[in-house]
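# Secondary and tertiary structure notes
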There are 2 protein chains.
Amino acid sequence: MVGEHAVYNGKIILQSEAVIPVTLREVQSGFYVYESLRVIQAHPVHLDDHLLRLENSANLIHLEYPFSREEIATWVHALIEVDLVERSSLRIQIYGGGQPQLFITTSKILTYPDSFYTDGVKALTYEGERLFPGAKTGNLLLNYLAMEEARRQGCFEALLVDGGQNILEGTRSNFFAIKDGRIYTAHDEKVLLGITRDRVLKAANQLGLQVIYNTPSVNQVSTGFYDELFISATSMAAMPVSQVNGKVVGKTFPFTREISSLVRQWELED
Amino acid sequence: MVGEHAVYNGKIILQSEAVIPVTLREVQSGFYVYESLRVIQAHPVHLDDHLLRLENSANLIHLEYPFSREEIATWVHALIEVDLVERSSLRIQIYGGGQPQLFITTSKILTYPDSFYTDGVKALTYEGERLFPGAKTGNLLLNYLAMEEARRQGCFEALLVDGGQNILEGTRSNFFAIKDGRIYTAHDEKVLLGITRDRVLKAANQLGLQVIYNTPSVNQVSTGFYDELFISATSMAAMPVSQVNGKVVGKTFPFTREISSLVRQWELED
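Predicted model only: the values in this text are computed from it and were never measured. (Residues numbered from 1 in each chain as written. Chains lettered and ligands numbered in written order. Predicted model: local features only at pLDDT ≥ 70, side-chain atom pairs only at ≥ 80, totals over all residues. Heavy atoms only, no water.)

A count of helices and strands for chain A gives 8 helices and 16 strands. Here chain A has a C-alpha radius of gyration of 19 Å; the compact-globule value for 270 residues is 18 Å, and the two agree. Counting only C-alpha atoms, chain A reaches 50 × 40 × 30 Å along its principal axes. For chain A, the residues scored as buried account for 56% of the 270 residues in total. Of the contacts formed within chain A by residues at least 6 apart in sequence, a portion of 69% connects residues at least 24 apart. Between the averaged position of the 24 positive side-chain charges in chain A and that of its 32 negative side-chain charges there is a distance of 6 Å. (Helix = DSSP H or I, 4+ residues; strand = E, 2+ residues; numbered from the N terminus. Rg over C-alpha atoms; globule rule 2.2 N^0.38 Å. Buried < 20%, exposed > 50% of the residue type's maximum accessible area, 1.4 Å probe, protein only. Contact = heavy atoms within 4.5 Å. Lys, Arg positive; Asp, Glu negative; His and termini not counted. Charge placed at Lys NZ, Arg CZ, Asp CG, Glu CD.)

Residue and element names in this part refer to chain B. Position of serine 89 among the secondary structure elements: in strand E6 (residues 88-95). Exposure remark for serine 89: the relative accessible area of 16% places this residue in the buried category. A distance of 3.3 Å separates a polar side-chain atom of serine 89 from the backbone nitrogen of leucine 110. Setting aside anything within four residues of it in sequence, one finds serine 89 in contact with Leu37, Thr105, Thr106, Ser107, Lys108, Ile109 and Leu110. (Polar contact = N/O pair within 3.5 Å; in protein donor to acceptor, adjacent residues only side chain to side chain.)

With that settled, the discussion passes to the sheet that holds strand E1 (residues 5-8) of chain B. All names here are of chain B. With antiparallel pairing, 6 strands are arranged side by side in an open sheet as E2-E1-E7-E6-E4-E5. The open sheet terminates on both sides in strands that have one partner only, identified here as strand E2 (11-14) and strand E5 (43-44). When strand E4 (residues 32-40) meets E5, the two strands line up antiparallel, connected through 2 bridges. Residue pairing for E5: isoleucine 40 is matched across the bridge by histidine 43. This element, helix H3 (residues 69-82), spans E1, E2, E4, E5, E6 and strand E7 (101-107) of the sheet and lies at about 35° to E7. (Pairing = 2+ DSSP bridges. Axes fitted to C-alpha atoms, helices over the stretch in contact; angles between N-to-C directions.)

Each partner contributes to the interface: chain A provides 37 residues, whereas chain B provides 37 residues. Interface of chain A and chain B: buried area, both sides summed, is about 3000 Å²; carbon and sulfur atoms make up 62% of it. Per-residue buried area on chain A facing chain B is highest for Val22, Leu141 and Tyr144 of chain A; these three make up 24% of the total on that side. For glutamate 148 of chain A, the salt bridge is made with arginine 25 of chain B, and the minimal N-O distance between the two is 3.3 Å. (Buried area = accessible area lost by both parts, 1.4 Å probe. Salt bridge = Lys/Arg side-chain N within 4 Å of Asp/Glu carboxyl O.)

Turning our attention to the environment of proline 21 of chain B. Residue position: proline 21 of chain B is located in strand E3 (residues 19-21). The class of proline 21 of chain B is partly exposed, set by a relative accessible area of 28%. Beyond its immediate stretch of four places on either side in the chain, proline 21 of chain B contacts Ala18 and Val19 of chain A together with Val27 of chain B.

Once that is clear, we can look at the pattern of salt bridges. Inspection of the entire model under this criterion finds 22 salt bridges over all chains. Across the salt bridge formed by arginine 197 of chain A and aspartate 188 of chain A, the nearest N and O atoms sit 3.0 Å from each other. By relative accessible area, which is 32% here, aspartate 188 of chain A ends up partly exposed. The partner of glutamate 169 of chain B in a salt bridge is arginine 130 of chain B, with the nearest N and O atoms 2.9 Å apart. Placement of glutamate 169 of chain B in strand E10 (residues 167-170) and of arginine 130 of chain B in the loop between strand E8 (121-127) and helix H5 (141-152) is noted, with a sequence separation of 39 residues between them. Both residues of the pair, glutamate 169 of chain B and arginine 130 of chain B, belong to the buried class. Bridged by salt links that share partners, the residues Arg25 of chain A together with Glu148 and Arg151 of chain B form one connected network.

Okay, the domain arrangement of chain A next. All names here are of chain A. Looking at the assigned domains, one finds that chain A contains domain 1 (5-107) and domain 2 (114-269). Taking only C-alpha atoms into account, the centre of domain 1 sits 26 Å from that of domain 2. For the pair domain 1 and domain 2, the summed buried area comes to about 1600 Å², and 60% of that belongs to carbon and sulfur atoms. Considering only the side of domain 1, the residues that lose the most area to domain 2 are Tyr34, Arg38 and Arg53, jointly responsible for 37% of the buried surface there. Summed over the shared surface of domain 1 and domain 2, the result is 2 salt bridges. Between aspartate 49 and arginine 199 there is a salt bridge, with its nearest N and O atoms 2.7 Å apart. (Domains from an automatic or database assignment.)

For the match of chain A to chain B, the screw axis carries a shift of 0.0 Å, the RMSD comes to 0.0 Å, and the turn is 180°. Taken together, these values place the two copies in the relation of a two-fold axis. Most of the interface of chain A is mirrored in chain B: 100% of its interface residues are interface residues there too. (Least-squares fit on C-alpha atoms with pLDDT ≥ 70 in both.)

Below, the discussion takes up the pairing of E10 of chain B. Residues and elements named next belong to chain B. When strand E9 (residues 157-161) meets E10, the two strands line up antiparallel, connected through 3 bridges. Bridge assignment links valine 161 to a residue of E10, and that residue is isoleucine 167. The antiparallel hairpin formed by E9 and E10 contains 5 residues in its connecting segment, where glutamine 165 sits at a positive phi of about 65°.

A few words now on unusual backbone geometry. Positive phi, normally seen in glycine, also occurs at glutamine 165 of chain A, with a value near 65°. Residue placement: glutamine 165 of chain A occurs in the loop between strand E9 (157-161) and strand E10 (167-170). One non-glycine residue, alanine 42 of chain B, adopts positive backbone phi at about 60°. Here alanine 42 of chain B lies in the loop between E4 and E5. Classification of alanine 42 of chain B by relative accessible area gives partly exposed; the value is 30%.

Our next topic: the pairing of strand E15 (residues 237-244) of chain A. Residue and element names in this part refer to chain A. With 7 of 8 residues buried, E15 lies mostly within the body of the structure. Where strand E14 (residues 228-233) lies against E15, 4 bridges are found, and the strand directions are antiparallel. From the neighbouring strand, phenylalanine 230 faces E15, where its bridge partner is proline 240. What sits between the antiparallel neighbours E14 and E15 is a turn of 3 residues. Examined bridge by bridge, E15 and strand E16 (residues 247-248) share 2 bridges and lie antiparallel to one another. Paired with valine 244 across the two strands is lysine 247, which belongs to E16. The antiparallel pairing of E15 with E16 creates a hairpin that spans 2 residues between the two strands, and asparagine 245 there sits at a positive phi of about 50°.

Set out below in structure tokens:
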């Protein structure tokens, strides 16, 4: 059953025992790296990509751990097997410090109603830049607070805006804008290199869109300058955005929906 | 015995049981506020100030909890009593979210050799600004990484430098510079309102120093422009800085040492 067991440093434990001391400095400081992925038909989707990014995140913040990608992959498969997991979200999380601690946990898979994909979702903009854009770390308070603000305002996502009033990414997603056969997104160095983002760009390419690494501005986005806006994440594939800061910015999303279905199709072929 | 028990939501537990689930979003996101204080002669020093600041930190990040200052104070005293604590560091930490979780834990008191106060300590500068300067939250990865870099280079503290090349504060301290009868420190809004910082400014005033809220620049600090540099924190009182980025910036610290002894004296009178 999903969420029954977990992995701790290679050993299967009960997930209820996946706890850490509040007194540990690394826990207090968010000195950890993580990955979230999907298990579909008992298969951990794009696992190799996630394990590579986990390593990159760790390198960026000088977090050292003694677990190889091969070992972690073995433990992921062991957990899927022991809990007979068919579909789930799966999280790999490694705390650094003197005694690195690796946890693998599963939870009910995140899915969204079909109407989100046909009608689009609401978003707001929120000022703030992530500390290490390229790394998935425990430095998540900005993302948490931006997302809470989004929820208070009935929005699905908060889009993070830099000092130059450009939209870089969402709190848990990458951000894209389409206009006149071109797709715009932030430059690689400024955002998290999403594994779904890679697939989105590949799909866009396949659909004949030209990829431009240029960051859409808040002004352009909220005045309806673009044909389509969407966000991408492992759990979302490509999710159309219909409103930004209360203004309608899109009603139909033909490219977004084609990109989304290509991304989902490739998951099954992984 | 220090560190034997802890408080969890008002109940005395074993400190080894002061753990939190790695699966909780608030834990993963560092959505918590905290205070560190000193217990001296079984008395929690400046507890009221710390509890007030805890509340302010929580307000700044919209973290709500159902514990009053009076209740928390009662629990602090209960913990000191059950473990017969004479001297210790004590940490109050509250995770937010749907089910707020409060922990109070104690650990061996942080003290430093006398030579640190007579000879001064080494520091380096590190670029980066804290997200919510006025709040003590779990958003500590910058502080952690800056401090790790300081340790690698044999330094006692890392001084955080903003985009304008000014020194705002240390990773776990406030920062001060003295020259020609004036003491310089960052403006209130830019830094953590240290409880020891308050006492430092009061002591400086008593010693006839004029307080100037102006941030010393990296250039001024590392070229020996000031008569004395020091950092302040609950655990340090006022700690003189003798070197910045490998350059000697001070050898005697008459004001710093007088300030430090006033701060320590007031602790005993609390």
